[in-house]
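Fold and contact review
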Amino acid sequence: MSFYNFQPTKYQIRMKYVNDLPTQKVRLSTGFTEYGDFWTGQIATNFVNFRLR
């Protein structure tokens, strides 16, 4: 992630993860392996307040 032009003020941040693919390819030292039956859906944190000074 990159952010530009922040000003000294109050902000909120929230993290969100979304997975809609039930299979995933994972790179291993021996090559790629595909895994199935992955969890699908989304999850998000609550907003967190912070201030830049």
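Now for a description of the structure that goes with this document. (Residues numbered from 1 in each chain as written. Predicted model: local features only at pLDDT ≥ 70, side-chain atom pairs only at ≥ 80, totals over all residues. Heavy atoms only, no water.)

Some words on the environment of Asp-37
The following threshold applies: Strands here are runs of E lasting at least two residues and helices are runs of H or I lasting at least four, both read from the DSSP assignment and numbered beginning at the N terminus. Categorising residues by exposure relies on relative accessible area from a 1.4 Å probe, with only protein chains included: less than 20% of the type maximum marks a residue as buried, more than 50% marks it as exposed, and the intermediate range marks it as partly exposed.
Mapped onto the fold, Asp-37 is located in the loop between strand S4 (31-35) and strand S5 (41-44). Judged by relative accessible area, Asp-37 falls into the exposed class, the value being 81%. Spatially, the C-alpha atom of Asp-37 lies 6.2 Å from that of Thr-23, the residues being 14 residues apart in sequence.

Side note on unusual backbone geometry
Phi is positive for Asn-5, close to 60°, though the residue is something other than glycine. Among the structural elements, Asn-5 can be located in the segment before strand S1 (10-13). Assessed through its relative accessible area of 70%, Asn-5 is described here as exposed.

Observations concerning the packing of aromatic side chains
Note the cut-off: For Phe, Tyr and Trp, where Trp contributes only its six-membered ring, two rings pair if their centres lie within 6.5 Å, and the inter-plane angle classes them as stacked under 30 degrees, edge-to-face over 60, or tilted in between.
A full pass over the atoms with the stated rule returns four aromatic pairs. Note on Phe-6 and Tyr-11: the rings are 4.8 Å apart at their centroids and 90° apart in plane angle, and the pair reads as edge-to-face. Judged by relative accessible area, Phe-6 falls into the partly exposed class, the value being 38%. Residues Tyr-11 and Phe-50 carry aromatic rings whose centres are separated by 5.7 Å and whose planes lie at 25° to one another, so their mutual orientation is stacked. Of the two residues, Tyr-11 sits in strand S1 while Phe-50 sits in strand S6 (residues 48-51), which places them 39 residues apart along the sequence. Chaining the aromatic ring pairs together yields one cluster made of Phe-3, Phe-6, Tyr-11 and Phe-50.

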